[in-house]
Amino acid sequence: ELLGFKPRSVFSDLTSQFSLTGSQMEEIATHFFMEMRRGLQGIESSIRMLPSYVTEIPTSREKGVYYALDLGGTNFRVSRFTFDGMGSASITDERKYTVPDSKMTGTAEELFDFLAECVASLDTSADDASTGGRFYGFTFSFPTQQTAIDRGTLISWTKGFNTTGVVDHDVVELLRDAFKRRGFEGDITALVNDTVGTLISAAYTDPRTHIGVILGTGTNAAYREKVENILKLPKEIRDRGGEMIINTEWGNFGSNGKMLPSTDVDREIDDNSRNKGQQLLEKMISGMYLGEMVRLCLVRMYDSGEIWSEPGVEVKADLRKPNSFLSRYLSDIEYDMSEQLHIVHRVEKTFGVEGSTLEDRIKLKEICGMIIQRAANLTACAIAACIRQIGSQDSDLVVGIDGSVFEHHPSFRQRLSAGLGELAVQCNVILAKDGSGQGAALISHGALIAR
Ligand code: ADP
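Counting restarts for each chain, with residues numbered from 1 along the sequence as it is written. Reporting in this predicted model follows two pLDDT cut-offs: at least 70 for local features of residues, and 80 or more for side-chain atom pairs to be given and counted; totals over whole chains, interfaces and linings ignore these cut-offs and use all residues.

### Considerations on the packing of helix 4 (residues 108-120) against helix 5 (residues 171-181)
The contact between helix 4 and helix 5 brings their axes to 8 Å, and the two run at 65 degrees. Between helix 4 and helix 5, the angle falls in the class roughly perpendicular. When the axes of helix 4 and helix 5 are compared, the crossing they make is right-handed. Where helix 4 approaches helix 5, its residues Ala108, Phe112, Asp113, Leu115 and Ala116 are matched on the opposing element by Leu174, Leu175, Asp177, Ala178, Phe179 and Arg181. Of the residues assigned to the contact of helix 4 with helix 5, the class counts are eight nonpolar, no polar and three charged. Where helices are involved, their axes are fitted lines through C-alpha atoms of the stretch in contact, as for all axes, and angles between N-to-C directions lie from 0 to 180°. Where helices and strands are cited, they refer to DSSP runs of H or I of at least four residues and of E of at least two residues respectively, numbered from the N terminus. Our angle categories are set so that under 35 degrees counts as roughly parallel, over 145 as roughly antiparallel, 65 to 115 as roughly perpendicular, and the remainder as oblique. Helix crossings fall into two classes, left-handed where the near helix is turned counterclockwise from the far one by less than a right angle and right-handed where it is turned clockwise. In this description, any two residues whose backbone-derived C-beta atoms lie within 7 Å of each other are considered to be in contact. Lys, Arg, Asp and Glu make up the charged group, whereas Ala, Val, Leu, Ile, Met, Phe, Trp, Tyr, Cys and Pro make up the nonpolar group; the residues left over, Gly among them, are polar.

Structure, rendered in structure tokens:
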């Protein structure tokens, strides 16, 4: 709002608020870079920059049977991977269990006994002989302060978990105790964040991979850092040199100041969230919020008579219902290249809007484009900062990305590349699908070798 001029319309106001100029992007990337440096030094920063204690990337000569246990949300996944020693891996057993609500809010013992019981159900007749036992990589996708590859305490629960006796406790120890109670063989050799697993698994396929990103329900990333730069690590570890993967916890970027240009839609999303004031970058990028952002824009436009206002258009109550506009609708809408935008029309119907005009549909499509554009631009800023921190000029550097927002949204990849171009960053962005389990299994192998 320059010099008190009223914006022409809610729509044009939204489009200008949501768009980021090249210089704004540059500024965000610079702030991000500085927050990374602060996090590495251990001084107050919105990005935690958690050391993973993973210091090697796979050689592709890994051989044998290794397991991955993955607790990332409401599902617990148990997988067995077989590595052939020549760079090829296959899943030889996999089970998925829904964590019952009662275990998410009960005691640590109840939750970890449940996990151990799931692990016990895996096929035990497997050829474990090659590795001399059963070894597990435990993917635990909650912020965890690690002090070793197989030691880490939960900082705080997220994603609806509220189990008592886990925060500030070593989650590997809790799982080992549950194994013992069952009289169960096998050891957990590595505790792994899902971004770290994604990075390792992508590096198994392509050793030029330096960054692993998740763009799903939430967003986060891990990258390869020089140990000497991780100033908050004890000197005896830093003196060893080499590399260590850092779990950035980048979803929280900007939660401590004015580093992210935010709109009143962003403020409404944050106000209505369970973690107000936290994960502000995540709230602009990830699948959990994209649909709701579109809905809040539509409410504003509808209330000012700028969409679905022609006689004969019927708008049902869903427009006012939080989270009724799903993030996958953004993809469906963007895929629609038809002249009359009939897929957009179909989404509108699902959403409770009947008889829209072509102009309404065009506006809806533009709103979706605007929101995905900002998400891609912000992702580009974050990746650019990581690449600057890595200090690589190499256009061969690979960024592996997993998650539905990246995988399924038709234009995300292209918008992200354009954003990276705007920031003069060169890299290869690839899809690293479902890598976190395989990565955890590989790390359990690597950790084993290093013992
Ligand atoms: P998770 O991150 O939970 O492991 P996903 O990577 O599948 O799982 O991400 C799920 C999130 O992605 C949900 O918030 C969902 O709304 C969103 N999502 C699913 N499909 C699409 C799509 N086609 N386009 C954009 N977002 C999507």
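### Side note on the sheet that holds strand 4 (residues 89-98)
Strand pairing is assigned whenever DSSP identifies at least 2 bridges connecting the two strands. Ordered by their spatial adjacency, five strands build an open sheet running 4-3-2-5-8, and the pairing between neighbours is mixed. The open sheet has two free edges, formed respectively by strand 4 and strand 8 (187-192), since each of these has just one partner strand. Within this sheet the neighbouring strands show an average axis-to-axis angle of 20 degrees, counted without direction. For strand 5 (residues 135-140) and strand 8, the ladder comprises five bridges, and the chain directions are parallel. Within the sheet, the bridge partner assigned to Thr139 lies in strand 8 and is Val192. Where helix 4 meets the sheet, it contacts strand 2 (63-71), strand 3 (75-84) and strand 4, and its direction lies at approximately 40 degrees from that of strand 3.

### Brief notes about the domain arrangement of the protein
Throughout, the edges of the domains are those of an automatic or database domain assignment. Domain annotation of the protein identifies domain 1 (1-52 + 205-434) and domain 2 (54-192). For domain 1 versus domain 2, the separation of C-alpha centres amounts to 30 Å. Facing 11 residues of domain 1, the contacting portion of domain 2 comprises seven residues. Looking at the side of domain 1 that touches domain 2, the elements that each hand over two or more residues are strand 1 (50-51) and strand 11 (243-247). With three residues, the single largest contributor to the side of domain 1 that touches domain 2 is strand 11. Per-class residue counts for the side of domain 1 that touches domain 2 are five nonpolar, three polar and three charged.

### A word on unusual backbone geometry
A positive phi angle is found at Ser60, which is not glycine, with a value near 80 degrees. A positive phi angle is found at Asp434, which is not glycine, with a value near 50 degrees. The topology assignment puts Asp434 in the loop between strand 15 (428-431) and helix 16 (435-450). A residue is called partly exposed when the number of other C-beta atoms within 10 Å of its own lies between 12 and 20, exposed at 12 or fewer, and buried at 20 or more, with C-beta atoms placed from the backbone. A residue is classified by how many C-beta atoms lie within 10 Å of it, and Asp434, with 16 of them, is partly exposed.

### Observations regarding the site of the ligand
Near the ligand you find 16 residues, and of these Gly216, Gly287, Ser327, Ser404 and His408 are the closest. Counted by class, the shell around the ligand contains four nonpolar, 11 polar and one charged residues. To decide whether a residue is near a molecule or strand, its C-beta atom is placed from the backbone and checked for lying within 6 Å of it.

### Focus: the nonpolar core
A set of buried residues drawn from Ala, Val, Leu, Ile, Met, Phe, Trp, Tyr and Cys, joined through C-beta atoms within 7 Å, is what defines a nonpolar core. In this structure, Phe138, Leu175, Val294, Ile371 and Ala382 are the most contacted members of the largest nonpolar core, which totals 125 residues. Among the elements that line this core, the one with the most residues is helix 13 (residues 358-390), at 17 residues.

### Overview of the pairing of strand 3
Sheet topology note: the strand 2/strand 3 ladder contains nine bridges and is antiparallel. Paired with Val65 across the two strands is Thr82, which belongs to strand 3. A loop of three residues connects strand 2 with strand 3, the two strands running antiparallel in sequence. Here strand 3 runs beside strand 4; their pairing, made up of nine bridges, is antiparallel. In the sheet register, Arg77 faces strand 4, and the bridge partner there is Lys96. Hairpin remark: strand 3 followed by strand 4, antiparallel, with four residues in the connecting loop; positive phi at Gly85, about 85 degrees.

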